[in-house]
Each structure stands twice: as structure tokens, then as C-alpha cells.
Amino acid sequence: MPGQTPAPRRVRVLVVEDGDEYITNLTTFVAEGIDYRQAKSGGQAERMVHAELPDVVYLDMRFDRTPIEELLGDMVQLTGRFNGDSGRARRFQQDNQGLFILRALRDAGYRRPVILSYDFGAEERRFRALSAKDPALFYCPDYADAKTIRRAIMRAAGVSA
């Protein structure tokens, strides 16, 4: 109708995590104006970004509940990196799976913003090195409150909160 303001565009977010904590909290506490979908592995996330082209990917860092065969990363190379210690290599792969997924998404051509849910507060240098190579990379501490998470998503999507 004339004179009516169009409804603001909803932000489409793909949540990539190995559990359901983020999707549950986001859809409960950070839902206004945002549509969420969920992927539980890197492979599933790759398929979904191509099919749905979300505005933002909200990505967990640690994937210790994902079946081993679904983890991204070359275990032979990682085991070599850890001097043959496959246990340490597997822990590294799980603890940093978010970075393996990020790389796979970028290699597959996804260039839109990605928010890592991880506390880089004590590792600012590490995040600066990552984001210097990937200017569409953001982070939000995994303990952040709903208001902080909403601001991070909207900022990444280029929408005013």
C-alpha cells in the first residue's frame, strides 16, 4: 500500500555446530529479523551454502561430537605435524574444526561473512592473522549474551541492529 514502509529484509544465517546449543539459543533469544538453518558438519555446510547462499555463517570452533569420518582435515598430514601422535592430531582437528570448515567454505567460493563462535580475547594476534587473510571473518565469544550476538550477526550482514 502507498505510504507503508516495506518490512526489513530478514537476515539468513547458517549455524554450523556439532550439537544443538547454538541453534536453540539463537532461535530462542536472537530471533527477531533472522532466519536460521543448521548444518552439523563441514560437508553439510558446504552443500547448504551453495543451495541457500546464507547472508552469514555462524560457525562453532570445536567439533568433538562429530563422527570422525565427517571431520575435515588430512589426518595423515596432521599426525605428521604432531610427530606421529595421532591422539594429539585428532584433538587438534576437533578443537580447530571451525577453521577447517572455514577454509573449505572459502575454497568452495563462499565469500560472505563468517562469524567464528570462539573467544579470541586471549588470542587477538591469532585472530588478526586470520582476518588479515579473510576480511569477511568476524568472531563472537562463545559466552556472549544475546545482545552481543545479535550485534555481531547484524554487523556482519551489513544491517543496522
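Right, let's walk through the structure included here.

With respect to the pairing of strand S1 (residues 11–16)
Here's step 1: Most of S1 is tucked away: five of the six residues are buried.
Here's step 2: Across six bridges, the pairing between S1 and strand S2 (residues 34–39) is parallel. Bridged to Val13 within S2 is Tyr36.
Here's step 3: Read from S1 through helix H1 (residues 21–29) to S2, the crossover connection turns out right-handed.

Structural notes on the packing of aromatic side chains
Geometrically, a pair of aromatic rings is defined through the distance of the ring centres and the angle of the planes.
Here's step 1: Taken as a whole and judged by the stated rule, the model has seven aromatic pairs.
Here's step 2: Where Tyr22 meets Tyr58, the ring centres are 5.8 Å apart and the plane angle is 75 degrees; that geometry is what we call edge-to-face. Of this pair, Tyr22 sits in helix H1 while Tyr58 sits in strand S3 (residues 56–60), and the two are 36 residues apart along the sequence.
Here's step 3: Measuring from ring centre to ring centre gives 6.4 Å for Phe92 and Phe100, while their planes differ by 90 degrees; the resulting arrangement is edge-to-face.
Here's step 4: Connected via pairs of aromatic rings, a cluster forms that spans Tyr118, Phe120, Phe127 and Tyr139.

Observations concerning the environment of Ala157
Here's step 1: Relative to the elements of secondary structure, Ala157 occurs in helix H7 (residues 146–157).
Here's step 2: Counting along the chain gives 101 residues from Ala157 to Val56, while the straight-line C-alpha distance between them is 6.2 Å.
Here's step 3: What Ala157 contacts, discounting residues up to four positions off in sequence, is Arg9, Val11 and Val56.

A short note on the pattern of salt bridges
Here's step 1: Applying the stated rule across the entire model yields 13 salt bridges.
Here's step 2: Note that Arg9 and Asp55 form a salt bridge whose closest N and O atoms lie 2.9 Å from each other. Linking Arg9 in the segment before S1 with Asp55 in the loop between helix H2 (42–52) and S3, this pair joins segments that are 46 residues apart in sequence.
Here's step 3: A cluster of three or more residues bridged by salt bridges with shared partners is formed by Arg9, Arg12, Asp55 and Arg112.

Things to note about the nonpolar core
Here's step 1: Grouped together as the largest cluster of nonpolar side chains are 23 residues, with contacts concentrated most on Leu14, Val16, Val57, Leu59 and Ile101.
Here's step 2: Where this core is concerned, the elements lending two or more residues are S1, H2, S3, helix H5 (97–107) and strand S4 (114–117).
Here's step 3: A per-element tally of this core places H5 first, with five residues.
Here's step 4: Core analysis: the next-biggest nonpolar cluster, separate from the first, contains 21 residues, Val13, Leu26, Ile34 and Ala144 among them.

Quick look at the sheet that holds S2
Here's step 1: Here we have five strands laid out as an open sheet, ordered S2-S1-S3-S4-S5, and parallel in their pairing. Of all the strands in the sheet, the pair left with one neighbour each is S2 and strand S5 (137–140). The mean inter-strand angle of the sheet, taken between neighbouring strand axes irrespective of direction, is 25 degrees.
Here's step 2: The pairing of S4 with S5 spans four bridges and is classified as parallel. Bridge pairing links Leu116 to Tyr139 in S5.
Here's step 3: Set on the sheet, H2 makes contact with S1, S2 and S3; between it and S2 the angle comes to about 140 degrees.

Brief notes about the layout of surface pockets
Here's step 1: One number sums up the size of the largest pocket: a volume of about 380 Å³.
Here's step 2: Considering the residues around the largest pocket, the lining is formed by 17 residues, among which Leu99, Phe100, Arg103, Leu130 and Lys133 are closest to the centre.
Here's step 3: Of all the secondary-structure elements, those providing two or more residues to the lining of the largest pocket are helix H3 (75–81), H5 and helix H6 (124–133).
Here's step 4: Of the residues belonging to the lining of the largest pocket, the class tally is eight nonpolar, three polar and six charged.

Cut-offs used in this document
- Residues numbered from 1 in each chain as written.
- Predicted model: local features only at pLDDT ≥ 70, side-chain atom pairs only at ≥ 80, totals over all residues.
- Heavy atoms only, no water.
- Buried < 20%, exposed > 50% of the residue type's maximum accessible area, 1.4 Å probe, protein only.
- Helix = DSSP H or I, 4+ residues; strand = E, 2+ residues; numbered from the N terminus.
- Pairing = 2+ DSSP bridges.
- Right-handed = clockwise from strand over helix to strand, strands pointing away.
- Phe/Tyr/Trp six-rings, centres within 6.5 Å; stacked < 30°, edge-to-face > 60°.
- Contact = heavy atoms within 4.5 Å.
- Salt bridge = Lys/Arg side-chain N within 4 Å of Asp/Glu carboxyl O.
- Core = buried A, V, L, I, M, F, W, Y, C linked by side-chain atoms within 4.5 Å.
- Axes fitted to C-alpha atoms, helices over the stretch in contact; angles between N-to-C directions.
- 1 Å grid on protein atoms, 1.4 Å probe; cavity = no way out; pocket = protein on both sides within 12 Å on 5 of 7 lines; lining within 4 Å.
- Points joined across faces, edges and corners; volume = space filled by probe spheres on them.
- Nonpolar A, V, L, I, M, F, W, Y, C, P; charged D, E, K, R; others polar.

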